[in-house]
Amino acid sequence: MTSFSIVTITYNAAAALPRTVGSVLAQSHPAIEHIIVDGASADGTVGVAEAYKRQSDASGNGHTVAISSEPDRGLYDAMNKGLARATGDYVCFLNAGDFLPAADTIATLARTAEAAAAGGGPLPAVLYGDTDIVDSAGRYLHPRRLRPPHRLTWRSFRMGMLVCHQAFYARTDIARQTPYDLQYKYSADVDWCIRVMKEAARLRLPLANAGATVACYTEEGQTTLHHRESLRERFRVMASHYGLPQTVALHAWFALRSLLK
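All figures in this text were calculated on a predicted structure; none of them were measured in a lab. (Residues numbered from 1 in each chain as written. Predicted model: local features only at pLDDT ≥ 70, side-chain atom pairs only at ≥ 80, totals over all residues. Heavy atoms only, no water.)

Caption draft 1: Region of the structure containing the side chain of T172. The residue T172 is located in helix α5 (residues 172-175) in this model. Judged by relative accessible area, T172 falls into the buried class, the value being 3%. Among residues more than four places away in sequence, those in contact with T172 are A86, G88, D89, Y90 and V91. (Helix = DSSP H or I, 4+ residues; strand = E, 2+ residues; numbered from the N terminus. Buried < 20%, exposed > 50% of the residue type's maximum accessible area, 1.4 Å probe, protein only. Contact = heavy atoms within 4.5 Å.)

This is the structure we're talking about:
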C-alpha cells in the first residue's frame, strides 16, 4: 500500500490548525503519517496538536501522528526537519490553515501512484493535482488561477508555479536528496519543486496528475504578506534554473499579459 507523510509546520497557529488536522483525521486511506513541526509556539498550538494526536490514536484509522516543538530558523528550516523525519513513500507539506478537500483525497493520490506503477513500473517521482483557494476562515473563494498541465515537467514552471506547493507530493527518497535551500526566505518551495522535478527527469521517472483537486490553500501566507520581496526572490529562482535572458523575456510577457486582461 502506498504510504504518505504529511508535514504541517506551525507557529502560534492554534486558531488555524484544527481545520488542517481535521482534514487529515478524516482521510479514509490508512497509510498516513502526520508530522507536526512546531516552532515553539506560545499560544496553545501544541495543545491543539496533542489533542488531535489523542483523537487520531483512538480512532483506529491507521494513521500515526508525531509532534515536535522547538525553535527553528524559519519556515524552510522547519520543513527540512519534517522532511528528515518523513518515512512514507511520498511527502507533502500542508501547513496550518491549509487542508485536504475531501475524505478520499489521499486515497485518490494512492490510486494515481499505483495505476502509474501497474505492471511493475516505478512509482512516479511526483503526484500532483489542482488547488482551491480559501480565505482565513477556510471558506472557498475560487480555483487557483494557475492550473497544472496534464503533462508536467521541470520546464513547465517557466510559466509560473503551475502546481501549488500543497498539491505537490514528492517521492520521499528523491525529496530527501533535495532539501529546501535556506538562502531563499520566501521562494524556497518553488526552487525545491523544480529541483525535485529535475531529479525525476534525470532518473526518467514519470510525474502523475491525479486529475482532482487535492489541496485547499489559505490565501494569507508568507508569500502574500511579503509579495514584493517574494517576487524578487522568485525571479532569482527562475533565473537560476532557466537562465537570465529567458526569465527576463517571460516576465516581460507576464507584465504585458496582465495589462491586456
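What follows picks up the thread again.
Caption draft 2: Quick peek at the environment of W192. With respect to the helices, strands and loops of the structure, W192 is situated in helix α6 (residues 188-203). Between the C-alpha atom of W192 and that of V237, which follows or precedes it by 45 residues, the distance is 9.8 Å. Setting aside anything within four residues of it in sequence, one finds W192 in contact with L83, F93, H165, F168, A170, A175, T178, P179 and Y180. There is a polar contact of 2.8 Å between the side chain of W192 and the backbone oxygen of T178. (Polar contact = N/O pair within 3.5 Å; in protein donor to acceptor, adjacent residues only side chain to side chain.)

Caption draft 3: Focus on the packing of α6 against helix α8 (residues 227-242). Put simply, α6 and α8 touch, their axes get as near as 9 Å, and they point 20° apart. In this view, α6 runs roughly parallel relative to α8, as classed from their interaxial angle. Considering how the two elements wind past one another, α6 and α8 form a crossing that is right-handed. Facing A188, V190, D191, I194, R195 and K198 of α6, the residues of α8 in contact are E233, R234, V237, M238, H241 and Y242. Tallied by class, residues from the contact of α6 with α8 come to six nonpolar, one polar and five charged. (Axes fitted to C-alpha atoms, helices over the stretch in contact; angles between N-to-C directions. Parallel < 35°, antiparallel > 145°, perpendicular 65-115°, else oblique. Left-handed = near helix turned anticlockwise from the far one by under 90°. Nonpolar A, V, L, I, M, F, W, Y, C, P; charged D, E, K, R; others polar.)

Caption draft 4: Fine view of helix α4 (residues 105-116). Given a rise of 1.5 Å per residue, 12 residues ought to cover 16 Å, and the 17 Å separating the end C-alpha atoms of α4 matches this to within 8%. Buried within α4 are the following residues: T105, I106, A107, T108, L109, A110, T112 and A113. Looking at the packing, one finds that the buried side of α4 touches β1 (4-10), β2 (32-38), β4 (90-93), β5 (126-134), β7 (168-171) and β8 (207-218). (Expected span 1.5 Å × (residues − 1).)

Caption draft 5: The arrangement of unusual backbone geometry in detail. One non-glycine residue with positive phi stands out, namely A40, at about 65°. The topology assignment puts A40 in the loop between β2 and α2 (45-59). A positive phi angle, close to 60°, is found at R204, a residue other than glycine. Topologically, R204 is positioned in the loop between α6 and β8. According to the relative accessible area criterion, R204 is exposed, its value standing at 76%.

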